[in-house]
Protein chains: 2
Amino acid sequence: MAKELKQLTKRAENYSQWYNDLVVKAELAEQSPVRGCMVIKPYGYAIWEKMQAQLDKEFKKTGVQNAYFPLLIPKSFLSREAEHVKGFAKECAVVTHYRLKSSEEGNSVVVDPSAKLEEELIIRPTSETIIWNTYKGWIHSWRDLPIMCNQWCNVMRWEMRTRPFLRTSEFLWQEGHTAHATREEAEVEAQKMLKVYADFAEKWMAVPVLQGVKSETERFAGALDTYTIEAMMQDGKALQSGTSHFLGQNFAKSFDVTFLNKENKPEYVWATSWGVSTRLMGALIMVHSDDNGLVLPPKLAPIQVIIVPIYKGDDQLKAISNKLQPVINKLEELGISVKYDDSDNKRPGFKFADYELKGIPVRLVMGGRDLENNTIEIMRRDTLEKESVSFDGIIERVTTLLDDIQANLFEKARAYRDAHVYECDNYDEFKERVKDGGFFLCHWDGTAETEAKIKEDTQATIRCVPFDYEQTEGVDMVSGKPAKCRVIIARSY
Amino acid sequence: MAKELKQLTKRAENYSQWYNDLVVKAELAEQSPVRGCMVIKPYGYAIWEKMQAQLDKEFKKTGVQNAYFPLLIPKSFLSREAEHVKGFAKECAVVTHYRLKSSEEGNSVVVDPSAKLEEELIIRPTSETIIWNTYKGWIHSWRDLPIMCNQWCNVMRWEMRTRPFLRTSEFLWQEGHTAHATREEAEVEAQKMLKVYADFAEKWMAVPVLQGVKSETERFAGALDTYTIEAMMQDGKALQSGTSHFLGQNFAKSFDVTFLNKENKPEYVWATSWGVSTRLMGALIMVHSDDNGLVLPPKLAPIQVIIVPIYKGDDQLKAISNKLQPVINKLEELGISVKYDDSDNKRPGFKFADYELKGIPVRLVMGGRDLENNTIEIMRRDTLEKESVSFDGIIERVTTLLDDIQANLFEKARAYRDAHVYECDNYDEFKERVKDGGFFLCHWDGTAETEAKIKEDTQATIRCVPFDYEQTEGVDMVSGKPAKCRVIIARSY
């Protein structure tokens, strides 16, 4: 393990390689033989399950219900919304046949040409089209509204360059789709769900996010407005971590979904959609982890406390175990997940390195000397600080420490982020500094031309017009034209 | 609603149509525009979520961990296991391209021929191949075993004749895949998971099941043994509700997965796989429901208690609500899901019919007279019995009644099933009686020929060689040859 750990690239050497190494070595995910698709391993999936459980609870609190819509979408559905098809046609996996048969040589299988579909089906890249086609049958009067459905599912967007969790051809996500009687209600819903995402990112993932609205260029294909939460990674790049779209009446018009209002007149329905994906795993990993491995916020750690006895012989192990068992029981009663590792086929040093790599927030170690002295060693993964403390009161010490770690990870990430947000008014300076990462608050003239030039010159993009920022009018640093507000510009994943 | 309810076909008239009606009218699911694929509506999905939650808990208790493997499988993987490809090639959805483009007329999208895949990908019909290809990288020594992974996902088997939940081209399921060092351990695992399924069916779904082993003809494609749980529907037909497979070393050999045993010699790994799907929803619906609609066992009902106030004017509503609120609070504290429906845009009669249709186990109704007399009306959905009882002690009454209903549904289904299991030794008698449904215990000579003849003559199939049945040798009723045991023969879904 010591040797394997050495193989974890240092962040300072190559941040990107460090990430790829970590994903594999911490057993979160691995590449599959299918291009751009990953296998999410049990340890990675356990973190995703914790995310899902909490998000699902928050969605349901707002009145959202889960449902399930088909994986496959008739090709023609895509074309109905003009922007939508432009956005997704280039990355669709297409099902054209429904049967294989033996090859003539008999040693392999080939596509059976007689089983060609009349209309090709695409694997959903997102489900607005099939869902709005379904909502047509559900919505007749204002009494049927609002409808608020969510589904947890897999989607497919054929990507040429992929990275585990951050960009994969298949990914897991949730997509919420709501239908409303008024524009106002839909806009409120879209913003409400952005708030749910922001709260989850900050309170559960300990990842600070900036909320804002996307420029037209960066909007979801078919939306009137796309709201976003943007997180900063340790290399200063942005990661779009969740989006919520106000879709206006675009999909209702494309799929002819109207309702009779209280005056008995037909109106098109107003829509939102919103989603977060396994991309959140990428944010979680990249924001907190270090050169020793993963660092997990306690609220999302599958194992929160690892306990390792150090012993010589069965008698000492038994004595230590007897002393520790009530602590394990009590922690579990409190809803804390504990692993007790008394395996004898690995050395303590190996165990320590392994659990650091896996990011387990708190480690307790008890040896023969501790037994004599009624002490125990406690280590926190975030700072790697350890101390020997009295065994009495260890329960409270652990619970308090878990809260501390959760808070500390957030504060640390926020301090880093805040130290890397800059106001900038000079394009030459911007071009030079943006290479090193960071979020740049710059005046923007609102044109797609300026946006395109910045991207071409620097690879950086407008992440959003931030909320919660006191805007002033000014001058666009690129075009010199008047600008109504500052936007956040950054390189991104 | 009264009118709509009339449209629910009676079971005695047309059981099959009754089922289809019920699925739609109780808002469980509906057909989608994609052939053979359904939309699972929020109420149906809420039941499935309850099933998932409990099963997931039971799996994890046995040491199983969740993971996620790719949706798409390279076509060549299928061919590696000879029986497997025979079983699934005929019903595969095949992805051949990864991009669409605008048609020349510009008004639609067409498949882009330049984006043809080198090797076609199939949408997983089941994941043994991709998982065993992955396990090859995870397994080196006996120390790496056992591996016990499960995934909750969608799968696709192109079906020509589909019915909601029972047989759909896309369905949701879980598939467990385990890898073991010894044959014995794998066999024990396969049987253990069958037991988990049987317990879940009986204790949670209140559906009695017979456990047994499949004949060779009915085995999973690639298995050495397939264990099954078989439930009886109200028309006497069988529904295979879950299967667990002992796969031997077949997939390990096909994907070259070996481990070094304790003597440092390479051996092929032993495997199991096991799954239940949204088919369970079909069993749940068909076993308990009646001509008034759905009947749900309390443990799986999304709403367990519906409370309806009957009132004239706001003052009376307020008085009734004040009286009921502590009851609602207390029930919720006890973990019971309650809905209080004081909406004023539907008549009580409509509400009653609707909640019966939805199968809510317990209904409480309080009107002005009840308020005066300190009484409340309580109705149980399973028997439709109602009585007026004292308001005092209503909490205990409700909790006891929920338990009673759960037990009663199981006993009722078991009594029905037991009354329709027959020993039969005469083929003419069998052919006549099997038309009316039921499970027939018949001696079987063990040949595929006899099995095929029975199927051809009667559409009935061998469901399993039952466990927990005292076997005696005898004479095959079809061939007259000696038979070692009796098998269960029935028509099935």
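These numbers were taken from a predicted model, which means no experiment stands behind them.

Thresholds applied
Residues numbered from 1 in each chain as written. Chains lettered and ligands numbered in written order. Predicted model: local features only at pLDDT ≥ 70, side-chain atom pairs only at ≥ 80, totals over all residues. Heavy atoms only, no water. Helix = DSSP H or I, 4+ residues; strand = E, 2+ residues; numbered from the N terminus. Polar contact = N/O pair within 3.5 Å; in protein donor to acceptor, adjacent residues only side chain to side chain. Core = buried A, V, L, I, M, F, W, Y, C linked by side-chain atoms within 4.5 Å. Buried < 20%, exposed > 50% of the residue type's maximum accessible area, 1.4 Å probe, protein only. Contact = heavy atoms within 4.5 Å. Salt bridge = Lys/Arg side-chain N within 4 Å of Asp/Glu carboxyl O. Buried area = accessible area lost by both parts, 1.4 Å probe. Nonpolar A, V, L, I, M, F, W, Y, C, P; charged D, E, K, R; others polar. Pairing = 2+ DSSP bridges. Phe/Tyr/Trp six-rings, centres within 6.5 Å; stacked < 30°, edge-to-face > 60°. Lys NZ or Arg CZ within 6 Å of the ring centre and 35° of its normal. Domains from an automatic or database assignment. Axes fitted to C-alpha atoms, helices over the stretch in contact; angles between N-to-C directions. Left-handed = near helix turned anticlockwise from the far one by under 90°. Least-squares fit on C-alpha atoms with pLDDT ≥ 70 in both. Expected span 1.5 Å × (residues − 1). Bend = angle between axes of the 7 residues up to and from the residue.

For the rest of this paragraph, the subject is the environment of Ser254(B). Residue and element names in this part refer to chain B. Here serine 254 lies in helix α8 (residues 250-254). Considered as a pair, serine 254 and isoleucine 73 are 181 residues apart in the sequence and their alpha carbons are 15 Å apart. One polar contact links the side chain of serine 254 to the main-chain carbonyl oxygen of asparagine 250, over a distance of 2.9 Å.

By size, the foremost hydrophobic cluster in this structure holds 260 residues, and its most contacted members are Ile123(A), Ile123(B) and Phe430(B). Ile123(B) has contacts with Leu71(A), Leu72(A), Val95(A), Ile123(A), Leu71(B), Leu72(B), Ala93(B), Val95(B) and Met156(B), leaving out every residue within four places of it along the chain.

Moving on, we come to the pattern of salt bridges. Residue and element names in this part refer to chain A. Scanning the entire structure with this criterion turns up 64 salt bridges over all chains. Among the ionic pairs, lysine 214 bridges to glutamate 230, the shortest N-O distance being 2.7 Å. One end of the pair, lysine 214, is in the loop between β11 (210-213) and β12 (225-232); the other, glutamate 230, is in strand β12, and 16 residues separate them in sequence. Each member of the pair, lysine 214 together with glutamate 230, is buried. Connected through salt bridges with shared partners, the residues Glu27, Glu30, Lys41, Asp354 and Lys358 form a single ionic network.

A few words now on the interface of chain A and chain B. Of the residues lining the interface, 62 residues belong to chain A; the matching set on chain B comes to 62 residues. Carbon and sulfur atoms make up 68% of the surface buried where chain A meets chain B, a total of about 5,000 Å² over both sides. For the pair chain A and chain B, the interface holds two salt bridges. For Lys60(B), the salt bridge is made with Glu49(A), and the minimal N-O distance between the two is 3.1 Å. For the interface between chain A and chain B, the tally reads 26 residue pairs in polar contact (both at pLDDT 80 or more). The class makeup of the residues in the side of chain A that touches chain B is 39 nonpolar, eleven polar and twelve charged. For strand β5 (residues 94-97) of chain A and strand β5 (residues 94-97) of chain B, the ladder comprises three bridges, and the chain directions are antiparallel. Bridge assignment links Val95(A) to a residue of β5(B), and that residue is Val95(B).

With that settled, consider the packing of aromatic side chains. All told, the structure shown has 38 aromatic pairs over all chains when counted by the stated rule. With a centroid separation of 6.1 Å and 55 degrees between ring planes, the pair formed by Tyr227(A) and Phe467(A) is classed as tilted. Pair noted here: Tyr227(A) is in strand β12 and Phe467(A) is in the loop between β24 (461-466) and β25 (474-475), with a separation of 240 residues, a long-range link. Relative to Trp138(B), the ring of Phe69(B) has its centre 6.1 Å away and its plane inclined at 40 degrees; by these criteria the two rings are tilted. Linking Phe69(B) in the loop between β3 (65-66) and β4 (72-74) with Trp138(B) in helix α6 (residues 128-138), this pair joins segments that are 69 residues apart in sequence. By the burial criterion, Phe69(B) is buried, and Trp138(B) matches it. In this structure an aromatic cluster arises from ring pairing among Trp48(A), Phe59(A), Trp152(A), Tyr197(A) and Trp274(A). The aromatic ring of Tyr493(B) is capped on one face by Lys237(B), whose charged end is 4.8 Å from the ring centroid. Looking at Arg433(B), its charged tip hangs above the ring of Tyr422(B), at a distance of 4.1 Å from the centre.

Taken domain by domain, chain A holds domain 1 (15-71 + 128-288), domain 2 (303-406) and domain 3 (420-491). Each of domain 2 of chain A and domain 3 of chain A was reduced to a C-alpha centroid, and the two centroids are 49 Å apart.

This next bit is on the environment of Ile454(A). All names here are of chain A. Residue position: isoleucine 454 is located in helix α15 (residues 448-458). Relative accessible area serves as the criterion here: at 2%, isoleucine 454 is assigned to the buried category. Considering only alpha carbons, one finds isoleucine 454 and lysine 431, 23 residues apart in sequence, at a separation of 8.6 Å. Not counting chain neighbours up to four residues away, the residues in contact with isoleucine 454 comprise Tyr427, Phe430, Gln459, Ala460, Val478 and Ile489.

All names here are of chain B. Where helix α3 (residues 42-61) meets helix α7 (residues 183-203), the axes come as close as 11 Å, and the angle between the chain directions of the two elements is 145 degrees. As α3 runs across α7, the sense of the crossing is right-handed. Across from Met51, Gln54, Leu55, Glu58 and Phe59 in α3, the residues of α7 making contact are Met193, Val196, Tyr197 and Phe200.

Within a sheet, neighbouring strands are paired by backbone hydrogen bonds and run either parallel or antiparallel to one another. Residue and element names in this part refer to chain A. Reading across the sheet, the eleven strands line up as β3-β9-β10-β16-β13-β12-β11-β24-β27-β23-β22 and stay open at both edges, with mixed pairing between neighbours. Edge strands, defined here as strands with exactly one partner in the open sheet, are β3 (65-66) and β22 (421-423). Contacts from helix α6 (residues 128-138) reach β9 (147-156), β10 (170-180), β13 (238-248) and β16 (270-277) within the one sheet, and its direction differs from that of β10 by about 35 degrees.

What follows deals with the relation of the copies chain A and chain B. Superposing chain A onto chain B requires a rotation of 180 degrees together with a translation of 0.0 Å along the rotation axis, leaving an RMSD of 0.0 Å. Interpreted geometrically, this transformation is the action of a two-fold axis. Closest approach to the rotation axis within chain A is made by the C-alpha atom of Val95(A), at a distance of 2.1 Å.

The next subject is unusual backbone geometry. Residue and element names in this part refer to chain A. In this structure, the amide linkage connecting leucine 145 to the following residue, proline 146, adopts the cis form with an omega of -5 degrees. In this structure, proline 146 sits in the loop between α6 and β9. Of note in the backbone geometry, glutamine 459 takes a positive phi value of approximately 70 degrees without being a glycine. Classification of glutamine 459 as exposed rests on a relative accessible area of 59%.

Let us look at helix α10 (residues 313-333) of chain B. Residue and element names in this part refer to chain B. With 21 residues, α10 should reach 30 Å at 1.5 Å per residue; the first-to-last C-alpha distance of 30 Å fits that figure. Maximum bend of α10: about 35 degrees, positioned at leucine 324, with proline proline 326 one to four residues after it. When α10 is considered as a whole, its buried residues turn out to be Leu317, Ile320, Ser321, Leu324, Val327, Ile328 and Leu331. Looking at the buried side of α10, the elements it contacts are β17 (305-309), β18 (338-340), β19 (362-366), α12 (368-373), β20 (375-380) and α13 (394-419). Count one or two residues on from α10 and you reach glycine 335, which has phi positive near 85 degrees.

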